[in-house]
Amino acid sequence: SSPDLGHQRIGRGKEKVRRGPEDGLTARFVEWSTWAMKKTKVIAHYGFIPLIIVIGINSKPKPDLSQLLSPI
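These numbers were taken from a predicted model, which means no experiment stands behind them.

Section: the overall build of the protein
What the protein contains, in helices and strands, is two helices and two strands. N-terminal to C-terminal, the α/β element order of the protein is β-β-α-α. About 7,100 Å² of surface is accessible on the protein, with carbon and sulfur atoms providing 64% of the total.

Here it is, written out as structure tokens:
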């Protein structure tokens, strides 16, 4: 049997090493930033066209909705 060097076995397979609290903060930051970027991507994907329509409707020469949606 090998001596315990601070390693903690998680699940089956490879052994993951858990170190100090700064590693936990880094992992949480990476997890949070990944979550935030996924949410931002969804918001940008579904919100871009409605945003353009709202900006177009609120512009000075008031266009009709058909003028905003037509490509020409």
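Regarding the confidence of the model for the protein
When pLDDT is averaged along the protein, the result is 78; 69% of the residues meet or exceed 70. Considering each helix and strand of the protein separately, the mean pLDDT is smallest for strand β1 (residues 7-8), with a value of 54, and largest for helix α1 (residues 21-57), with 89.

Some words on the UniProt feature "transmembrane region" (unreviewed entry) in the protein
This chain's UniProt record puts "transmembrane region" (unreviewed entry) on residues 42-59. Split by type, residues 42-59 is 89% helix and 0% strand. Its first and last C-alpha atoms lie 26 Å apart.

Observations regarding a nonpolar patch on the surface
Judged by side-chain polarity, F29, V30, W32 and W35 come together as a nonpolar surface patch covering roughly 500 Å² of accessible area. Structurally, the position occupied by F29 is in helix α1. For F29, a relative accessible area of 55% corresponds to the exposed category.

Rules behind the numbers
Residues numbered from 1 in each chain as written. Predicted model: local features only at pLDDT ≥ 70, side-chain atom pairs only at ≥ 80, totals over all residues. Heavy atoms only, no water. Helix = DSSP H or I, 4+ residues; strand = E, 2+ residues; numbered from the N terminus. Areas by Shrake-Rupley, 256 points an atom, 1.4 Å probe, with all protein chains shown as cover. pLDDT = per-residue confidence, 0-100. UniProt positions renumbered as here; feature names shortened; annotations may be inferred. Patch = residues over 30% accessible without salt bridge, like charges linked within 9 Å, V, L, I, M, F, W, Y side chains within 5 Å. Salt bridge = Lys/Arg side-chain N within 4 Å of Asp/Glu carboxyl O. Buried < 20%, exposed > 50% of the residue type's maximum accessible area, 1.4 Å probe, protein only.

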